[in-house]
Amino acid sequence: MNSNNLDKRYVWHPYTQMKLWNNSDNITVQYGNGFNFIDSNKRRYLDGISNMWCNVWGHDRTEILDSMKNQLDILPHSSLFGLVNEPSAKLAKRLITMAKGMTKVFYSDNGSTAIEAALKIATQYWNNKGKSQKKKFICLKNGYHGDTIGCMSVGYVDGYFSPYKSILLKTIKVDSPTIRHPKFGPQEIEQYVDKIENILKRISSKISGFVMESGAQIAGGVNIYPEGFQKKISDLCKKYDTLLILDEIATGFGRLGNMIEYRAQKSEPDIVCFAKALTGGYFPLAVTLTTSRIFEQFLGDYWDKRQLFHGHTFTGHPVGCAAALTNLDLYERLNLIRKIRLNSLVFDKLLKRFSELEICYDIRNKGMLCGIELRKENKPLKTIGKMPVGHYIAKESLKKGVYLRTLGNILTIIPPLAIGKEDLTKIVDTEYQIVENLQKKLK
Ligand SMILES: Cc1ncc(COP(=O)(O)O)c(C=O)c1O
């Protein structure tokens with residue numbers, strides 16, 4: 001296929017100022033190979049952000065591809081409206097055995113829809129219990145849960161969502177602590193938790209749920225929670241009859257070195273969402289899991305209208321579920337979590353060099369997640385010349401054969417979970433060179 005003459009003008013790209021989008025400059029990805037994208041000129045780009053944080057095995061894991069092809073041969077699509085299909089039933093059972101405390105799986109097709117389903121489940125749970133006044137959500141500042149209206153309301157990142165503020169739900173936003181930040185020592189964390197408890201003490205009769213990412217916030221700036229914080233929130237939710245809604249869409253399945261992050265955090269959610277790595281990036285699929293305490297409130301007579309009025313065309317897609325089942329088999333068979341833990345030691349070592357660079361104000365990493373906060377003269381480094389610093393880094397990375405996007409002044413390195421040491425080293429070394437050059441240019 002020759003895509004040099006491809007007419008690319010009609011695609012509206014996400015999070016992109018299209019005026020700056022030059023069609024001829026932009027890369028057309030044609031093949032995937034290992035952990036690389038390959039363009040129409042056969043140039044390779046190592047994936048430094050695991051294709052928006054979902055790539056596990058790279059592009060050519062034959063076991064997953066074969067299970068999808070096989071599923072396409074026997075049943076290429078079938079929703080869960082009035083029917084069930086084998087892969088969706090098997091996957092639900094599999095997920096329940098992994099996610100302690102959960103007993104039901106609701107399927108959707110991306111992270112945002114999984115969160116929307118969670119918000120509706122929480123709201124209707126209280127309605128069905130006759131406590132419709134419990135309808136407000138508490139969430140963490142800098143949390144991110146997706147781009148739909150409900151998701152933006154509970155995961156408001158001002159830098160992205162201010163144009164939509166007027167149509168969002170009113171939520172209560174509390175500070176989020178992060179490791180290695182002078183503002184958040186153990187004492188300060190206690191104070192933050194106390195503040196949250198004070199809110200719950202006063203108005204828990206109006207609170208439906210507490211929504212937070214599990215283990216770490218990513219899109220809001222790579223904020224890794226200090227140990228014990230998530231457990232404290234979980235305990236408070238129990239104490240004040242508030243649902244804990246955890247978002248493991250980006251942090252579940254090994255990103256932080258644990259298969260199920262909420263278990264590692266010793267927290268007990270009422271509702272938890274997974275997506276991204278669930279199919280290794282091979283198919284859009286997401287799940288919202290709940291406990292039986294939640295699910296039982298949805299049972300009753302048909303005319304009682306206690307049932308969940310939510311469902312998407314592609315719910316429980318058999319090809320996605322088949323991909324996920326094989327993906328999870330591979331996690332187990334190849335002991336991926338162990339490999340991630342070993343690899344994250346290598347990653348941690350490689351990242352140490354960045355602290356030599358003055359503009360690297362804070363390096364936050366855990367498992368296979370890293371955010372490097374760039375600052376100059378103690379202010380966020382926003383531009384280089386007139387160019388946003390993120391554009392500069394993304395462009396330089398592509399020139400050097402790495403695909404990477406930053407979150408404003410936070411350089412994120414979020415490698416595919418099963419990446420090998422050589423590729424990992426290449427990504428980190430390339431970014432080091434770029435930041436080093438950037439620092440020289442700023443002098
Ligand atoms: C923590 C978290 N929740 C939800 C989402 C939304 O997922 P999607 O982009 O699939 O809608 C994302 C996406 O990056 C995420 O990181």
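Residues numbered from 1 in each chain as written. Predicted model: local features only at pLDDT ≥ 70, side-chain atom pairs only at ≥ 80, totals over all residues. Heavy atoms only, no water.

(A) The overall build of the chain, seen in detail. Within the chain one finds 14 helices and 19 strands. Rg of the C-alpha trace for the chain: 22 Å, near the compact-globule value of 22 Å for 443 residues, within the 12% margin. Its C-alpha atoms put the chain at 65 × 60 × 45 Å along the principal axes. A buried classification covers 54% of the 443 residues belonging to the chain. A separation threshold of at least 6 residues defines the contact pool for the chain, and within that pool the share at least 24 residues apart is 72%. As presented, the chain carries roughly 21,100 Å² of accessible surface, and 53% of it is formed by carbon and sulfur atoms. Taken as two groups, the 63 positive and 44 negative side-chain charges of the chain have centres that lie 3 Å from each other. (Helix = DSSP H or I, 4+ residues; strand = E, 2+ residues; numbered from the N terminus. Rg over C-alpha atoms; globule rule 2.2 N^0.38 Å. Buried < 20%, exposed > 50% of the residue type's maximum accessible area, 1.4 Å probe, protein only. Contact = heavy atoms within 4.5 Å. Areas by Shrake-Rupley, 256 points an atom, 1.4 Å probe, with all protein chains shown as cover. Lys, Arg positive; Asp, Glu negative; His and termini not counted. Charge placed at Lys NZ, Arg CZ, Asp CG, Glu CD.)

(B) Spatial organisation of the packing of helix H2 (residues 62–74) against helix H11 (residues 318–333). Running from amino to carboxyl end, H2 crosses H11 at an angle of 155°, the nearest separation of the two axes being 8 Å. Between H2 and H11, the angle is such that the two are roughly antiparallel. The way H2 lies across H11 gives a crossing that is right-handed. Contacts from Glu63, Ile64, Ser67, Met68, Gln71 and Leu72 of H2 reach H11 at Pro318, Val319, Ala322, Ala323, Thr326, Asn327, Leu330 and Arg333. Along the lines of polarity and charge, the residues of the contact of H2 with H11 split into eight nonpolar, four polar and two charged. (Axes fitted to C-alpha atoms, helices over the stretch in contact; angles between N-to-C directions. Parallel < 35°, antiparallel > 145°, perpendicular 65-115°, else oblique. Left-handed = near helix turned anticlockwise from the far one by under 90°. Nonpolar A, V, L, I, M, F, W, Y, C, P; charged D, E, K, R; others polar.)

(C) Summary view of the packing of aromatic side chains. Under the definition given, this model contains 13 aromatic pairs. Arranged with centres 4.8 Å apart and planes meeting at 70°, the rings of Tyr125 and Trp126 form a pair that is edge-to-face. The exposure class assigned to Tyr125 is buried, which follows from its relative accessible area of 1%. Given a relative accessible area of 0%, Trp126 falls into the buried group. For the pair Tyr156 and Phe161, a centre-to-centre distance of 6.5 Å together with 50° between the ring planes defines the contact as tilted. In this pair, the class of Tyr156 matches that of Phe161, namely buried. The structure contains a cluster of three or more aromatic residues connected by ring pairs, namely Tyr15, Tyr144, Tyr156, Tyr160 and Phe161. (Phe/Tyr/Trp six-rings, centres within 6.5 Å; stacked < 30°, edge-to-face > 60°.)

(D) Quick peek at a nonpolar patch on the surface. A contiguous nonpolar patch, built from Ile149, Tyr164 and Ile167 and spanning about 280 Å² of accessible area, is present on the exposed surface. Relative to the helices and strands, Ile149 resides in helix H5 (residues 149–154). (Patch = residues over 30% accessible without salt bridge, like charges linked within 9 Å, V, L, I, M, F, W, Y side chains within 5 Å. Salt bridge = Lys/Arg side-chain N within 4 Å of Asp/Glu carboxyl O.)

(E) Quick peek at the environment of Ile167. Mapping Ile167 onto the fold places it in the loop between helix H6 (158–161) and strand S6 (172–174). Expressed as a C-alpha distance, the spacing of Ile167 and Lys120, which sit 47 residues apart in the sequence, is 17 Å.

(F) Here's a closer look at the environment of Tyr164. Relative to the helices and strands, Tyr164 is located in the loop between H6 and S6. For the pair Tyr164 and Ser108, spaced 56 residues apart in sequence, the C-alpha separation works out to 24 Å.

(G) Geometry of the nonpolar core. Ranked by size, the top nonpolar core spans 108 residues in total, and within it Phe210, Phe253 and Tyr331 carry the most contacts. Sorting elements by how many residues they give to this core places H11 first, with eight residues. Split by domain, the residues of this core number at least three in each of domain 1 (64–333) and domain 2 (346–442). Listed in part, the 22 residues of the second largest apolar core include Ala118, Leu119, Cys139 and Ile294. (Core = buried A, V, L, I, M, F, W, Y, C linked by side-chain atoms within 4.5 Å. Domains from an automatic or database assignment.)

(H) Quick peek at the confidence of the model for the chain. Looking at the chain, pLDDT values average 95 and 97% of them are 70 or higher. Confidence scores differ between elements of the chain, with helix H7 (residues 186–203) showing the lowest mean pLDDT of 89 and strand S11 (residues 271–274) the highest of 99. (pLDDT = per-residue confidence, 0-100.)

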